[in-house]
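# Fold and geometry: a report
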Amino acid sequence: MDSAKLSRHVSFDERSMTAVSSFIQGSLEGDTICQGKWTGQKIGVFTSGGDAQGMNAAVRAIVRVGMYLGCKVYYINEGYQGMVDGGEHIQEATWQSTSNIIHMGGTVIGSARCMEFKERWGRLKAAQNLIHWGITNLIAIGGDGSLTGADLFRQEWPSLVRELVDKEILTKDKLSQFGSINIVGLVGSIDNDFCGTDMTIGVDSALHRIQEAVDNIMTTAVSHKRAFVLEIMGRMCGFLPLAAGISSEATFIFIPEEPPLGDWRQLLCEQMMEKSKSGEVRRTHIILVAEGAIDSEGNQIKCTDVQKVLTDRMKMDVRVTVLGHVQRGGNASAFDRILATRMGAEAVLALLDTPPNSPASVICLDGNDIVRVPLMKAVEKTKLVGEKMAEKNFEEVVTLRGRPIVKNLAIYALQSKVITHPSLMPPRRKKIYRIAMLHVGSPACGMNAVARGFVSVCVSRGYEPVFVYNSWEGLSARKVKAVVWNDVHHWTSKGGSLLGTNTKTAQEIGLGNIADALNELDISGLVIVGGFEAYESACQIHHAREHYEELCVPVAVVPATIANNVPGAVMCIGCDTALNQICKACDDLKQSAFSIQKCVYIVEVGGDNCGYLATLAAIAAGADFAFIQEENFSVRDIQNLCHTIKHKFEYSGVEQALLIRNENANPNLTTDFIFRIFNEEGKPSCTARQTKLGHIQEGYKATPYDRAAGIRAGSRCTDWMINAIEANGGKDKDKIFTKSPTTVVVYCSRKEMAEHMPVDELMLQTDFEKRLPKRQWWTKLRGLMDILSWSNVITD
């Protein structure tokens, strides 16, 4: 990719980052839904097109939410082919049939291409089969082609029913009974090529597979000083290679949305030589090529083409790897399980909440919100991408792709343009300002990625990045180092904190000591990466500015903690890795439980006083309940839950249960206490096991999400920091001085708030005693967690 061409994206201008335009509709997520509200309704669900991890989680949510509302839900096996063939391909779903599928990749109800459905006579047979089962509500899970077919089916439905009556296949009374069909779509595709949603089901899991492959290839590549060229799926969408390229520190990527200018072969060689000249030291190069990659003239760029250029012109030892369908395989990631579950639940509500003959909608993700979008408007926008691609209007293509591509292009451009050699640097200013970074609190995966993003922006803009080792204690002891770009190579893949961290706040070390250190080290700005202790330290510095003018420099907090308890942050860096670690552990425990009949596992997870991890892990792992301190519970509640699970074992045929408890849910009703209650009250129906995951949740390697989020947060926060320095004398003064409350901030990165929120505003939203934000967005998902559990099944 031509980094010069990408320079227009580096300004981080959010005006072009609207993934879903003004036709967004609201959702019912978080609203109170009455059990049995739509008794008597029938819903059909099918998966179509290519499979994607997370489809099973969506199917599970659709079935269970549908049953909760009193509906009968039917599997249409093998997609449109099963709809056309009918018979045994259409089966009523049961609660039990959705057990132990939430983690599975692929689709348990099958998917198949169906040429018959493309013809009217095929759709006529499909309509006949659906009417036979009394199904007038459909949820389609697939790509844009599958969803377009579903909308055509909806439009033709009245005429199809009329034709069946005219042919005397159906009686006339069916005209009024089955006069319309409602359809809602979910986008299941690893390509992320559907305009209208930030992420499609399956994308995050595919990124996990790609990241695992790149990490594994990196070890052999470094050993032999080789370059590897990898082909990444995505058809004509470059989201996967772009996101994977950022999180794997790829040297180059080739994607269809941003083809290199001019002769890409010459450009590739020139940039490789420029990187060497600039002082970058690499034993290996990873180059990612989208399967739809093209040059500026529309000619395809293949991995073998790149290999030939590097071999012939650069005399490099190059290997090619085509990842292929391994990217579709494996278990769904925690993100995909949660996304698919939320989307599946909303699809049922949208389906039954829509008046007859209304246009079909598709359930999408906009930032962190689940929303409804008119299906055909989104499809039309998606098709427009292809038209603009054919016209070689690549700037418009990027705009149509929306927020995820635009953000990632900006970050990739910044990472790929770092210059370190003095001869290539811009003219030196009178003073080189120093910006320090330190880690505070418990380690979280992604902290090191933040450091890489921090260094890239500092170096690119002519500032000196300084690392502080061992947190505030290290700053007080002057354990600091000025770093260069080469110092942070391969940092994104490493877990923990390479700077060292602890949980002491600035006040505990001594604000006077910190003020002296900042003055002595000539620090003009401070980036603090960490959890609630980092946020609390920033608040302490904000208050102490009245007493120590050395603290009157810009300060920014990057939230990084598995507890997700920093005010202003939707999801802190490290949470995604922790959720995936918990899901993996729970998957393994459930697999182990197959050998133990009627076993209840009680799993203790971290999170300090915040129930985020416990709740989201319960949804992602398919747990029966999550104990958190935000919702009081008693011994009687535990006993009632025990009796409910005994009932589950007796009537459902399922012989395992999973409970998740936040580590600080209740100081008296501990994990061991709950375990003992279940062992006693469960007799003789079931036995109990307990496990505490401990530090395993902090992870071995950061997930693609945490890597990319870390680099993005480090880059954008440092960009803000430099702007703040320059606005407060950083162009013509030796010392930076500011007492403005707007210069002590938390990086928030959320739609409804400014990206950097002053701590004096956030303090009003903080419960310092409990170390929590007063309002937490994820609590609205507690109701969904309850609906998906056995306790809400209507039994005779």
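Residues numbered from 1 in each chain as written. Predicted model: local features only at pLDDT ≥ 70, side-chain atom pairs only at ≥ 80, totals over all residues. Heavy atoms only, no water.

Moving on, we get to the sheet that holds strand β20 (residues 687–692). An order of β18-β19-β17-β20 is seen for the four strands of this open sheet, with the pairing classed as parallel. One side of each edge strand has no neighbouring strand; the edge strands of this open sheet are β18 (625–627) and β20. With strand direction ignored, the average angle separating the axes of adjacent strands in the sheet is 20°. In the sheet, strand β17 (residues 599–605) pairs with β20 via six bridges, with the strands oriented parallel. Residue pairing in the sheet places C599 in a bridge with T687 of β20. This element, helix α21 (residues 635–652), spans β17, β18 and β19 (656–662) of the sheet and lies at about 155° to β19. The sheet contacts of helix α22 (residues 671–681) involve β17, β18, β19 and β20, and relative to β20 the element is tilted by about 170°. (Pairing = 2+ DSSP bridges. Helix = DSSP H or I, 4+ residues; strand = E, 2+ residues; numbered from the N terminus. Axes fitted to C-alpha atoms, helices over the stretch in contact; angles between N-to-C directions. Contact = heavy atoms within 4.5 Å.)

Relative to the 26 Å expected for 18 residues at 1.5 Å per residue, α21 spans 25 Å between its end C-alpha atoms, a close match to the ideal helical length. All of the buried residues in α21 are I638, L641, C642, I645, K646, K648, F649 and S652. Down the axis of α21, the smallest arc covering the buried residues is 165°, so these residues share one side. Projecting away from the buried face of α21 at angles above 90 degrees are the exposed residues R636 and E650. (Expected span 1.5 Å × (residues − 1). Buried < 20%, exposed > 50% of the residue type's maximum accessible area, 1.4 Å probe, protein only. Arc of directions from axis to C-beta.)

Take the packing of aromatic side chains next. We describe a pair of aromatic rings using the distance from one ring centre to the other and the angle between the two ring planes. Counting across every chain of the model gives 17 aromatic pairs. With a centroid separation of 5.5 Å and 75° between ring planes, the pair formed by F254 and W264 is classed as edge-to-face. With F254 in strand β7 (residues 252–254) and W264 in helix α8 (residues 264–277), the pair connects residues that are ten residues apart, well separated along the chain. For the residue pair F254 and W264, the accessibility class agrees, reading buried in each case. Judged by centre distance (5.5 Å) and plane angle (65°), the ring pair of F532 and Y535 falls under edge-to-face. With F532 and Y535 both in helix α18 (residues 532–544) and three residues apart, this pair spans about one turn of that helix. Y535 carries the same exposure label as F532, and that label is buried. The residue whose ring lies beneath R782 is F625, and the NZ or CZ to ring-centre distance is 5.7 Å. (Phe/Tyr/Trp six-rings, centres within 6.5 Å; stacked < 30°, edge-to-face > 60°. Lys NZ or Arg CZ within 6 Å of the ring centre and 35° of its normal.)

Right, let's talk about the side chain of H208 for a bit. In this fold, H208 is placed in helix α6 (residues 203–224). Other than its neighbours up to four places away in sequence, H208 contacts S333, D576, N580, T703 and P704.

Take the pattern of salt bridges next. When the charged atoms of two side chains lie near each other, side chains of opposite charge can form a pair. Inspection of the entire model under this criterion finds 40 salt bridges. Its salt-bridge partner being E163, residue R120 comes within 3.0 Å of it at the nearest N-O pair. In this pair, R120 is assigned in helix α3 (residues 120–132) and E163 in helix α4 (residues 144–166), connecting sequence segments 43 residues apart. Take R120: its relative accessible area is 31%, and that puts it in the partly exposed class. Look at E163 and you get partly exposed, because its relative accessible area is 21%. One salt bridge in this structure joins E604 and R661, with 3.3 Å as the shortest N-O distance. Here the residue E604 occupies a position in strand β17, and R661 occupies one in strand β19, the gap between them amounting to 57 residues. As far as the burial class goes, E604 and R661 line up, both buried. Through salt bridges with shared partners, one network takes in R120, R123, E156, E163 and K167. (Salt bridge = Lys/Arg side-chain N within 4 Å of Asp/Glu carboxyl O.)

Judged by nonpolar contacts, the single largest core of 97 residues is most densely connected at L69, I139, L186 and V306. Here this core gets eleven residues from one element, more than from any other, and that element is helix α10 (residues 334–352). Setting aside residues up to four positions removed in sequence, V306 forms contacts with V229, F254, W264, L268, I287, V289 and I301. Ranked by size, the runner-up nonpolar core spans 73 residues in total, among them L438, C583, V603 and M785. (Core = buried A, V, L, I, M, F, W, Y, C linked by side-chain atoms within 4.5 Å.)

Taken as a whole and assessed by the stated rule, the structure comprises zero disulfides. Cysteine C583 is unpaired, with the sulfur of C586 as its nearest cysteine sulfur at 6.6 Å. Judged by its relative accessible area of 2%, C583 is buried. With no disulfide of its own, C686 has C642 as its nearest cysteine by sulfur position, at a separation of 5.3 Å. (Disulfide = S-S within 2.5 Å.)

Across the junction of K683 and P684, the peptide omega takes the value -10°, indicating a cis bond. Assignment of secondary structure puts P684 in the loop between α22 and β20. Notably, N192 is not glycine yet its phi reads approximately 55°, a positive angle. Here N192 lies in the loop between β5 (182–187) and α6. Here N192 falls in the buried class, since its relative accessible area comes to 7%.

A few words on the side chain of Q697. Relative to the helices and strands, Q697 resides in the loop between β20 and α23 (704–727). Of the polar contacts made by the side chain of Q697, one reaches the backbone nitrogen of G606; its length is 2.6 Å. In terms of polar contacts, Q697 uses its side chain to reach the backbone carbonyl oxygen of G694, at 2.7 Å. For Q697, the residues in contact, after removing those within four places along its chain, are I562, T577, A578, Q581, I582, V605, G606 and L613. (Polar contact = N/O pair within 3.5 Å; in protein donor to acceptor, adjacent residues only side chain to side chain.)

Next up on the list: the sheet that holds strand β6 (residues 227–232). Strands pair in a sheet through their backbones, by hydrogen bonds, and they do so in one of two ways: parallel or antiparallel. Ordered by their spatial adjacency, four strands build an open sheet running β7-β8-β6-β9, and the pairing between neighbours is parallel. Among the strands making up the open sheet, the edge pair consists of β7 and β9 (318–322). Direction aside, the axes of adjacent strands within the sheet are offset by 15° on average. Inspection of the sheet shows β7 paired to strand β8 (residues 285–290) by three bridges, in the parallel sense. Each residue of the ladder has a partner; that of F254, found in β8, is V289.

The next thing to look at is the environment of A665. As for its position among the elements, A665 is in the loop between β19 and α22. Exposure remark for A665: the relative accessible area of 8% places this residue in the buried category. In sequence terms A665 and G611 are 54 residues apart; their C-alpha atoms lie 7.7 Å from each other. Once residues lying within four places of it in the same chain are set aside, the contact partners of A665 are F627, I628, Q629 and F633.

Burial runs high along β19: seven of the seven residues are buried. One ladder, built from seven bridges, connects β17 with β19; its direction is parallel. Considered in β19, the bridge of E604 is made with R661. Across three bridges, the pairing between β18 and β19 is parallel. By the bridge assignment, A626 is partnered in β19 with I660. Remark: the β18/α21/β19 crossover connection has right-handed handedness. (Right-handed = clockwise from strand over helix to strand, strands pointing away.)

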